[in-house]
Every structure is written in structure tokens, then in C-alpha cells.
Amino acid sequence: MKQDLYGLETSTDRPETLQAINDFIHGFLSYQPKAAGIIAAADADPDGPLVNAYAALLWMFLEHPIAPEKARPYLDRAKAAPGANAREQEVIRAVGHWIDGDVPALVATCDAITDQWPRDLAMLKLAQYHLFNTGDAAGMLRMALKSLPEAEDIAYTHGMIAFGYEQCHLLDRAEAAARRAMELRHDEPWAHHALAHVMLTQGRVAEGARFMESVAETWSDLNSFMRSHNWWHLALFYLSQGRHDDVRAAYDQHIWGLEKDYSQDQVGAVSLLARMEFAGVDVGDRWGDVADHVAARGRIR
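Observations regarding the overall build of the chain
For the chain, the helix and strand inventory stands at 16 helices and two strands. Relative to the 2.2 N^0.38 estimate, which gives 19 Å for 301 residues, the radius of gyration of the chain is 20 Å and therefore close to what a compact globule would have. Along the three orthogonal principal directions, the C-alpha set of the chain runs to about 60 × 45 × 35 Å. Of the contacts formed within the chain by residues at least 6 apart in sequence, a portion of 60% connects residues at least 24 apart. Carbon together with sulfur atoms contributes 52% to the accessible area of the chain, which is approximately 12800 Å² in total. Charge-centre separation for the chain: the mean point of 28 positive side chains lies 1 Å from the mean point of 43 negative side chains.

Following this line, the structure appears as C-alpha cells:
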């Protein structure tokens with residue numbers, strides 16, 4: 001039995017599958033596109049329980065009505081796969097709850113997993129995603145803090161703690177956690193994101209713009225959500241400074257156009273265009289293309 005990149009046991013004995021699992025975990029936490037390789041890896045290893053569970057999980061992040069339909073065959077393979085260890089069985093159960101639309105059961109299962117395996121940061125990240133969407137800021141922070149001290153050495157731990165603190169409006173603690181994450185990995189994008197929240201809330205506009213500009217080059221190879229979202233935050237600093245040309249450039253080059261069919265990219269574009277108009281920025285004909293892609297979501301099955 002082999003271990004993943006954070007020392008958790010996996011049932012796979014295939015080096016290619018283990019590499020794909022590690023790429024998924026790290027890609028999920030760091031917002032790198034390599035996470036998407038889990039689909040091909042699952043197709044190449046239909047008897048692998050964890051690789052197929054993670055493939056189902058990735059499909060659910062499509063955030064589209066067809067996502068459960070795409071995810072369920074991988075979940076079925078994960079359930080039928082022989083040899084899953086206790087943690088893998090719980091991960092499969094968690095993913096199944098999401099596919100079934102039972103978010104409270106999903107969060108409860110992630111909670112139990114991270115009680116027993118606090119270095120399972122993929123399940124922590126999954127729980128935080130849903131806790132954020134349900135408005136449970138205290139739950140986000142509680143879940144993240146459970147990873148200490150066992151996962152103290154991992155930058156992404158502190159990035160998630162930072163966002164939990166920020167959502168609870170404990171801004172000084174949020175900044176400290178984000179800066180601890182950056183001590184471990186300067187390119188930790190979720191820590192950058194948490195600091196952007198803190199600085200804008202505190203009115204540190206010029207400092208926030210300089211900070212985000214100083215780390216922006218590390219976002220270029222991230223997935224479309226994280227690249228566009230951190231640029232979205234930088235654009236808010238530009239708006240606050242009246243830098244209308246820089247806002248439009250950020251929108252055109254880094255916020256809209258990366259993955260036009262993805263819901264999160266669409267949300268970012270809509271919310272920034274609205275803010276631009278509220279601030280008196282001329283957005284030209286930019287609404288049209290966004291509206292076309294949002295409307296298409298209701299027609300695709």
C-alpha cells in the first residue's frame with residue numbers, strides 16, 4: 001500500500017494512478033489545471049477506488065446541471081472497486097452525497113474524515129467550498145483549524161485557515177495565517193486571495209493593489225477560476241483608485257475569456273461589469289458576450 005503526497009495511505013499499486021491522485025490533490029488545493037488529469041487516469045484504471053472517486057468529484061465541480069450525470073459512472077466504479085481502505089470508502093461516500101444533492105451529509109462526512117485524517121486537505125477543501133456556499137463562516141474556520149498541528153507544514157492549510165478567519169471577520173488572524181502560508185509557498189493563490197479580502201475590507205487600497213500586482217505573475221498558469229478571481233480582486237483595487245483603463249484591461253486580459261462556459265468565470269464577469277458601471281466606468285459592449293454565454297447554460301443538456 002502506497003502513500004499520497006501528504007502521507008495518507010492509498011490502495012493503489014499503480015505508479016501512474018498514484019501520480020494522478022497526487023496531481024489531483026495538489027492541483028485541487030493550488031488551483032492548477034493538472035487536477036483535470038484525474039479523468040484520464042480513472043478511465044485507465046477502472047478498478048481504482050480513489051482515482052474514480054476523485055474523477056467523480058472533479059465532474060461535480062463543473063457546476064452544471066449535467067454534472068451528476070457525468071460524475072455518477074465514476075462513482076459507481078469507485079463503489080464497485082475492490083480493496084478500498086477505510087478513508088477511501090469515506091471519500092467515496094462523501095462524493096456520493098454530493099451527487100445525490102445531500103450537502104449536509106457531504107459536510108458531515110468530510111468532518112468525520114478530517115477528524116480521523118487531518119492531513120486529508122482535499123476533503124477539507126471540499127467541505128470549505130460547501131460551507132462557504134451555505135454561508136457557514138464559523139464552520140469554515142472550525143474545519144480548517146482542525147488540520148493543526150498535523151498539517152502545519154503545508155501552505156494550503158494556512159491559506160484555508162486564513163479564508164476562514166477572514167469570513168469570520170477576524171482580519172488580523174486572517175492576515176497572519178495568509179502570510180504564514182506565503183512563508184511556506186510564496187505562490188499560494190488562496191492566501192493571496194485572503195489577503196486581498198483583508199486589505200480591501202480595511203481600506204488598504206494602494207497597498208492591496210501593490211501586493212496583488214507583486215504576485216500576479218504566479219497566477220498565469222492557474223485554472224481559469226483562480227486566475228480570473230484573483231485578477232477580479234485586483235480590479236476592485238483599481239476601481240477604488242479610479243484606474244478605469246487598468247480595470248478594463250484586467251477584465252479583457254485576465255477575467256473574461258479564459259473559460260467562457262464555466263459558471264464561476266461567468267459570475268466573475270457579471271459582478272465586475274456591474275461594479276464597473278456603478279463606478280462610472282464605460283464598459284462598451286462587453287455585456288453582450290457574457291449574456292450570450294450565461295443564456296446558453298439553460299439550453300445545454
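Some points on empty space enclosed by the protein
The full count for this structure, using the stated rule, is one cavity of 30 Å³ or more. In this structure, the largest cavity spans a volume of roughly 30 Å³. Looking at the lining of the largest cavity residue by residue, the class counts come to six nonpolar, no polar and four charged.

A short note on the pattern of salt bridges
If you walk through the whole model with that rule in mind, you get 20 salt bridges. Between Arg87 and Asp120 there is a salt bridge; the shortest N-O distance is 3.0 Å. Taken together, the positions of Arg87 in helix α5 (residues 86–99) and Asp120 in the loop between α6 (103–116) and α7 (121–133) put the pair 33 residues apart, joining distant regions of the chain. On the basis of relative accessible area, Arg87 is assigned to the buried category, the value being 2%. Residue Asp120 is classed as buried on the basis of its relative accessible area, which comes to 2%. A cluster of three or more residues bridged by salt bridges with shared partners is formed by Asp111, Asp115, Arg142 and Lys146.

Things to note about the side chain of Ser228
Residue placement: Ser228 occurs in helix α13 (residues 224–240). Within the local environment of Ser228, its side chain forms a polar contact with the backbone oxygen of Phe225, the two atoms lying 3.1 Å apart. Beyond its immediate chain neighbours, meaning those up to four positions away, Ser228 contacts His254, Ile255, Leu258 and Asp265.

Description of the packing of helix α11 (residues 189–201) against α13
Running from amino to carboxyl end, α11 crosses α13 at an angle of 20°, the nearest separation of the two axes being 10 Å. One finds that α11 runs roughly parallel with respect to α13. Our pair here, α11 against α13, has a crossing hand that is left-handed. Of the residues in α13, those touching α11 at Pro189, Trp190, His192, His193, Ala196, His197, Met199 and Leu200 are Phe225, Met226, His229, Asn230, His233, Leu236, Phe237 and Ser240.

Re the packing of aromatic side chains
Using the criterion set out here, one finds 11 aromatic pairs in the structure. With centroids separated by 5.8 Å and ring planes inclined at 55°, the aromatic side chains of Trp98 and Tyr129 adopt a geometry described as tilted. In this pair, Trp98 is assigned in helix α5 and Tyr129 in helix α7, connecting sequence segments 31 residues apart. No difference in accessibility class separates Trp98 from Tyr129, as the two residues are buried. Among the aromatic residues, those joined into a ring-pair cluster are Phe24, Phe28, Tyr54, Phe61, Trp98 and Tyr129. Over the aromatic face of Trp190 sits the side chain of Lys125, whose NZ or CZ is 4.1 Å from the ring centroid.

Criteria and thresholds
Residues numbered from 1 in each chain as written. Predicted model: local features only at pLDDT ≥ 70, side-chain atom pairs only at ≥ 80, totals over all residues. Heavy atoms only, no water. Helix = DSSP H or I, 4+ residues; strand = E, 2+ residues; numbered from the N terminus. Rg over C-alpha atoms; globule rule 2.2 N^0.38 Å. Contact = heavy atoms within 4.5 Å. Areas by Shrake-Rupley, 256 points an atom, 1.4 Å probe, with all protein chains shown as cover. Lys, Arg positive; Asp, Glu negative; His and termini not counted. Charge placed at Lys NZ, Arg CZ, Asp CG, Glu CD. 1 Å grid on protein atoms, 1.4 Å probe; cavity = no way out; pocket = protein on both sides within 12 Å on 5 of 7 lines; lining within 4 Å. Points joined across faces, edges and corners; volume = space filled by probe spheres on them. Nonpolar A, V, L, I, M, F, W, Y, C, P; charged D, E, K, R; others polar. Salt bridge = Lys/Arg side-chain N within 4 Å of Asp/Glu carboxyl O. Buried < 20%, exposed > 50% of the residue type's maximum accessible area, 1.4 Å probe, protein only. Polar contact = N/O pair within 3.5 Å; in protein donor to acceptor, adjacent residues only side chain to side chain. Axes fitted to C-alpha atoms, helices over the stretch in contact; angles between N-to-C directions. Parallel < 35°, antiparallel > 145°, perpendicular 65-115°, else oblique. Left-handed = near helix turned anticlockwise from the far one by under 90°. Phe/Tyr/Trp six-rings, centres within 6.5 Å; stacked < 30°, edge-to-face > 60°. Lys NZ or Arg CZ within 6 Å of the ring centre and 35° of its normal.

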